[in-house]
Amino acid sequence: ASPALLMRVVASAYSVAEKAATIVRNVMSAGDLGIVEKAGPNDLQTKADRLVQMSICASLARKFPKVTIIGEEDLPTDDVTEELIEDGHCEEILKKPCPAQYTGIKEEELVIWVDPLDGTKEYTEGLLDHVTVLIGIAYGGKAIAGVINQPYYNYEAGAGAVLGRTIWGVLGIGAFGFQLTEAPAGKHIIVTTRSHSSALVNECISALNPDSVIRVGGAGNKVIQLIEGKASAYIFASPGCKKWDTCAPEAILHAVGGKITDIRGNSFQYNKEVKHMNSAGVLATLRNYDYYASRIPNTVKESLVP
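Residues numbered from 1 in each chain as written. Predicted model: local features only at pLDDT ≥ 70, side-chain atom pairs only at ≥ 80, totals over all residues. Heavy atoms only, no water.

## Here's the deal with the nonpolar core
Residues Y123 and Y234 are the most contacted members of the largest nonpolar core, which totals 105 residues. Ranked by the residues each element gives to this core, the list is headed by helix 1 (residues 5-30), at 14 residues. Here this core spans two domains, and each of domain 1 (5-176) and domain 2 (189-303) adds at least three residues to it. Every residue in contact with Y123, bar those within four places of it in the chain, is listed here: V24, V27, M28, L33, T46, A48, L117, L128, V131 and Y152. (Core = buried A, V, L, I, M, F, W, Y, C linked by side-chain atoms within 4.5 Å. Buried < 20%, exposed > 50% of the residue type's maximum accessible area, 1.4 Å probe, protein only. Helix = DSSP H or I, 4+ residues; strand = E, 2+ residues; numbered from the N terminus. Domains from an automatic or database assignment. Contact = heavy atoms within 4.5 Å.)

This is the structure:
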């Protein structure tokens, strides 16, 4: 029997994300980032954002024409050159059995959320380890599978190092491509925004009395900090994060037993009609979610309307 649709989509998304990483690195090494300001100096778009989104969306749409694909950038879809198309797939993923509850999924029931370059501002500033490519797959409004590529993983290892890695996960199977590690027991290490801080963000963090605070770019990168044990909670008490930022990381985090909600404890919905903004912020942990959720001040919750 041929592999289930979900596994074929994830296997293709894996190869598409690897192609995306090559585009991201090529744009950077060519030296012309083609930066455009969208809503302001902290909301940027580069040539890499544009080319990667066209590559991902066109490649997946060609193979899975009835799937809804929602990307961050507002771009035309008709002028994609053939060199941007990735037709491959990851054989290893196709060998995994599809969880029973997902074997009957039809193309038109899937929604794919794409962030072509998560951490654009950091990319423009050369903080390359913050950058990720995110492809999240949702069914019934829930994030059920995700692919995160880090184009510059290992870039500090020096010349000749193999750059980049791809992490993927499916609910009911697990997540792969990294070493799952828990944060040090008894330590409260918070990872939060680097470039979108505010009084509310800081009030929320100080209420948790953390041992340390890590400020980095990119939602994908922050969830990687959780699953690799570098941070114990990801907290962002502010609007600003969007569905394409959280869908892939959520699927991977949930696949390894973690939890992500808004600051008020509500689950995110990923059906195609949903509004794009996660306007009540983000609270995510690999373990001990209830500890952090119970310490978010009511004043902070009341300031953030879903």
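## Description of the pattern of salt bridges
The tally for this structure, following the rule as stated, stands at ten salt bridges. With a shortest N-O distance of 3.2 Å, E72 and K38 are connected by a salt bridge. Residue E72 is found in the loop between strand 3 (68-71) and helix 3 (91-94), and its partner K38 is found in strand 1 (residues 36-40); the two are separated by 34 residues along the sequence. Take K38: its relative accessible area is 36%, and that puts it in the partly exposed class. Between E228 and K230 there is a salt bridge, with its nearest N and O atoms 3.0 Å apart. One network of salt bridges, in which partners are shared, links K38, D43, E72 and E73. (Salt bridge = Lys/Arg side-chain N within 4 Å of Asp/Glu carboxyl O.)

## Quick notes on the packing of aromatic side chains
As enumerated under the stated definition, the model contains six aromatic pairs in all. Note on Y152 and Y155: the rings are 6.2 Å apart at their centroids and 70 degrees apart in plane angle, and the pair reads as edge-to-face. Among the aromatic residues, ring-to-ring pairing joins W113, W244 and Y270 into one connected group. Above the ring of Y153, the side-chain terminus of R165 is found at 3.9 Å from the ring centroid. (Phe/Tyr/Trp six-rings, centres within 6.5 Å; stacked < 30°, edge-to-face > 60°. Lys NZ or Arg CZ within 6 Å of the ring centre and 35° of its normal.)

## Overview of the domain arrangement of the chain
Domain boundaries assigned for the chain yield domain 1 (5-176) and domain 2 (189-303). Computed over C-alpha atoms, the centres of domain 1 and domain 2 are 21 Å apart. Where domain 1 abuts domain 2, roughly 2,600 Å² becomes buried across the two surfaces, and 65% of that area is made up of carbon and sulfur atoms. Three residues stand out in domain 1 for area buried against domain 2, namely W113, H130 and A143, and they jointly supply 23% of the buried area on that side. Between the two partners, domain 1 and domain 2, sit three salt bridges. The set of elements that each furnish at least two residues to the side of domain 1 that touches domain 2 consists of strand 3, strand 4 (110-118), helix 4 (120-124), strand 5 (132-139), strand 6 (142-150), strand 7 (165-170) and strand 8 (174-176). For the side of domain 1 that touches domain 2, the element with the most residues is strand 6, which contributes eight residues. Looking at the side of domain 1 that touches domain 2 residue by residue, the classes come out as 19 nonpolar, twelve polar and nine charged. (Buried area = accessible area lost by both parts, 1.4 Å probe. Nonpolar A, V, L, I, M, F, W, Y, C, P; charged D, E, K, R; others polar.)

## Some words on unusual backbone geometry
The phi dihedral of N154 is positive, around 85 degrees, even though this residue is not glycine. As for its position among the elements, N154 is in the loop between strand 6 and strand 7. On the basis of relative accessibility, which here comes to 35%, the residue N154 falls in the partly exposed class. Not every positive phi belongs to a glycine, and N288 is a case in point at roughly 60 degrees. Tracing the chain through its elements places N288 in the loop between strand 13 (282-285) and helix 8 (289-293).

## Re the pairing of strand 9 (residues 189-193)
Most of strand 9 sits inside the fold, with five of its five residues counted as buried. Pairing analysis gives five bridges linking strand 9 to strand 10 (residues 212-216), with the strands arranged parallel. Bridge pairing links T192 to R215 in strand 10. Following the backbone out of strand 9, through helix 5 (residues 199-207) and into the adjacent parallel strand 10, one traces a crossover that is right-handed. With two bridges connecting them, strand 9 and strand 11 (residues 233-236) associate as parallel partners. Pairing of V191 across the sheet is with Y234, part of strand 11. (Pairing = 2+ DSSP bridges. Right-handed = clockwise from strand over helix to strand, strands pointing away.)

## With respect to the side chain of S55
Within the secondary structure layout, S55 lies in helix 2 (residues 47-63). In contact with S55, not counting residues within four places along its chain, are K19, I23 and L84.

## Comments concerning the packing of helix 6 (residues 219-227) against helix 7 (residues 243-255)
The contact between helix 6 and helix 7 brings their axes to 9 Å, and the two run at 15 degrees. Taken as axis vectors, helix 6 and helix 7 run roughly parallel relative to one another. Between helix 6 and helix 7 lies a crossing whose hand is right-handed. Taking contact as the criterion, the partners of A219, G220, V223, L226 and I227 in helix 6 are, on helix 7, D245, P249, I252 and L253. (Axes fitted to C-alpha atoms, helices over the stretch in contact; angles between N-to-C directions. Parallel < 35°, antiparallel > 145°, perpendicular 65-115°, else oblique. Left-handed = near helix turned anticlockwise from the far one by under 90°.)

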